[in-house]
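Structural features, examined
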Amino acid sequence: METPQEYYQTPGHVIAAGIVLSIVDIVALVLRFWTRKKQHEPLKMDDWLIIPATLLVVGIGVSMVYGVSRESLGYRTHVPSGFTGDIETAVTEQLQITDKIQWAFAMMLPLALGCIKASFLFFYMRIFSISKKSPINIFLSVLLVIVAAWSISFFFATLFACRLSFWAVWGSTVDLITQCIESMQLVLALCITDFMTDVIIICIPIPLVWRLNLTTTRKIAVSIVFLLGAVTIAASLTRLVIIARAVAIGFDSDATLVITENIYWGLVECAVGIFAACLPTLQFLLLKEVPWKSLKSLKSLFKARQSDETYTGIRDNPDLTATSRRPFRFASKSDQSVSTRPTLRATSSKSDRATLDSTEAFVLEDIRAGEALSMK
């Protein structure tokens, strides 16, 4: 008795996902760039990486629609009339198209996910990286290298899964087993590592935000903005569970439907990831009141926090000598002279000062007061 098809294995839902999710990501991409222009923020790597990710998602969506049009996705495997042999030795047009689409999808997926993850990491660099040698910048740089290696490795592992016998990819099941590595195990490894990296990347900004001198309410609000990307974790976890179940069941069930299921949830994960990567930017269009006015103001808060920590460490260390200080031009109404100050970078321009809350402003006043006292 045939098992019923799940909704995501039916032609209608496959076509809808391929078209709707592609359009949503294109709109999110356009609005992201428009918002950057409206905020007078420069376009950086976190923005540019969303472009290839979106193109890859559109490519996956087009392949899904084409697969359904050829009854190679969203339909059960057609057994040729009069065929009496082993189905694993059969080579039909439907199975060949299904396998070609699956192979193309398996190569596009790690590239799309890699671009999305890298976009998140470059976005964090835009905000939290104070200098190239700062610990957070080094940590994010290491993660970027790992993500790039992860994406490229799975791309080439899929490309050469059958070594140079590319014909085996769309041959019979017997050809696939004898000429290629275990494809489902490779997909499972991709899903597991994908989920692990998603969890790490989404959790990075939370401890950094909670170190800022903000009220608890504002800390929660800023954290929620960053945690909007957690929807990618839900999508990758859903795909991991489905693929793990498919690996356990194997191809005893209908192979075409198993492939349809894999591609469907892969598209959902990528599309949701792109939208989530755009949400911190798009929330300026959706909300009247936001936790910060611009990326520059949030970065100013983080810089002020670093300045506060540097100043406190120098002030509380009696062993510091004049060699740890540098000249600082201090101007007052009565005189101008050269004084010394701790090595720090305090935000003092009118535009940046306006973005700081009362606690951050108090820190700057405390620093300036210490400088004035050192002159007397």
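This report concerns the structure included in the present document. (Residues numbered from 1 in each chain as written. Predicted model: local features only at pLDDT ≥ 70, side-chain atom pairs only at ≥ 80, totals over all residues. Heavy atoms only, no water.)

**Overview of the overall build of the protein chain**
Regarding its fold elements, the protein chain presents 14 helices and two strands. In the protein chain, which comprises 376 residues, the proportion classed as buried is 48%. Taking the intrachain contacts of the protein chain between residues at least 6 apart in sequence as the baseline, contacts between residues at least 24 apart amount to 75%. Counting only carbon and sulfur atoms, one obtains 66% of the accessible surface of the protein chain, whose full area is about 19,000 Å². (Helix = DSSP H or I, 4+ residues; strand = E, 2+ residues; numbered from the N terminus. Buried < 20%, exposed > 50% of the residue type's maximum accessible area, 1.4 Å probe, protein only. Contact = heavy atoms within 4.5 Å. Areas by Shrake-Rupley, 256 points an atom, 1.4 Å probe, with all protein chains shown as cover.)

**Quick look at the side chain of Thr-77**
Note on placement: Thr-77 falls in the loop between helix H3 (50–69) and helix H4 (93–128). Of the polar contacts made by the side chain of Thr-77, one reaches the side chain of Asp-254; its length is 2.8 Å. At 2.9 Å, the side chain of Thr-77 forms a polar contact with the side chain of Thr-256. (Polar contact = N/O pair within 3.5 Å; in protein donor to acceptor, adjacent residues only side chain to side chain.)

**Quick word on the packing of aromatic side chains**
Applying the stated rule across the entire model yields 16 aromatic pairs. Where Trp-103 meets Phe-166, the ring centres are 6.0 Å apart and the plane angle is 45°; that geometry is what we call tilted. One end of the pair, Trp-103, is in helix H4; the other, Phe-166, is in the loop between helix H5 (135–159) and helix H6 (173–179), and 63 residues separate them in sequence. The class of Trp-103 is buried, set by a relative accessible area of 18%. Clustering of aromatic rings is evident, with ring pairs tying together Trp-103, Phe-155, Phe-156, Phe-160, Phe-166 and Trp-170. (Phe/Tyr/Trp six-rings, centres within 6.5 Å; stacked < 30°, edge-to-face > 60°.)

**Considerations on the state of the cysteines**
Tallied over the full model, the rule gives one disulfide. A disulfide bridge connects Cys-162 with Cys-180, and the sulfur atoms are separated by 1.7 Å. Measuring handedness by torsion sign, the sulfur bridge of Cys-162 and Cys-180 sits at about 95° and is right-handed. Pair noted here: Cys-162 is in the loop between H5 and H6 and Cys-180 is in the loop between H6 and helix H7 (183–203), with a separation of 18 residues, a long-range link. Each of the two residues, Cys-162 as well as Cys-180, counts as buried. (Disulfide = S-S within 2.5 Å.)

**Side note on the packing of H3 against H4**
Running from N to C, H3 and H4 point in directions that differ by 160°, and their axes come no closer than 9 Å. In terms of orientation, H3 and H4 fall into the roughly antiparallel class. When you trace H3 past H4, the crossing you get is left-handed. Residues Ile-50, Pro-52, Ala-53, Leu-56, Gly-59, Ile-60, Ser-63, Tyr-66 and Gly-67 of H3 lie in contact with H4, whose contacting residues are Ile-97, Ile-101, Phe-105, Met-108, Leu-111, Ala-112, Cys-115, Ile-116 and Ser-119. (Axes fitted to C-alpha atoms, helices over the stretch in contact; angles between N-to-C directions. Parallel < 35°, antiparallel > 145°, perpendicular 65-115°, else oblique. Left-handed = near helix turned anticlockwise from the far one by under 90°.)

**Focus on the pattern of salt bridges**
Tallied over the entire structure, the rule returns twelve salt bridges. In this structure, Arg-36 and Asp-46 form a salt bridge, with 3.3 Å as the shortest nitrogen-oxygen distance. With a gap of ten residues between them, Arg-36 in helix H1 (residues 11–39) and Asp-46 in helix H2 (residues 45–48) connect regions that are remote in the sequence. What makes Arg-36 buried here is its relative accessible area of 1%. When salt bridges with common partners are traced through the structure, they connect Arg-32, Arg-36, Glu-41, Asp-46, Asp-47 and Arg-126 into a single cluster. (Salt bridge = Lys/Arg side-chain N within 4 Å of Asp/Glu carboxyl O.)

**As for empty space enclosed by the protein**
Taken as a whole, this structure holds two cavities of 30 Å³ or more when the rule is applied. In this model, the largest cavity occupies a volume close to 90 Å³. Those elements that provide at least two residues to the lining of the largest cavity are H4, H7 and helix H11 (255–286). Here the residues of the lining of the largest cavity are counted per class, giving five nonpolar, two polar and four charged. (1 Å grid on protein atoms, 1.4 Å probe; cavity = no way out; pocket = protein on both sides within 12 Å on 5 of 7 lines; lining within 4 Å. Points joined across faces, edges and corners; volume = space filled by probe spheres on them. Nonpolar A, V, L, I, M, F, W, Y, C, P; charged D, E, K, R; others polar.)

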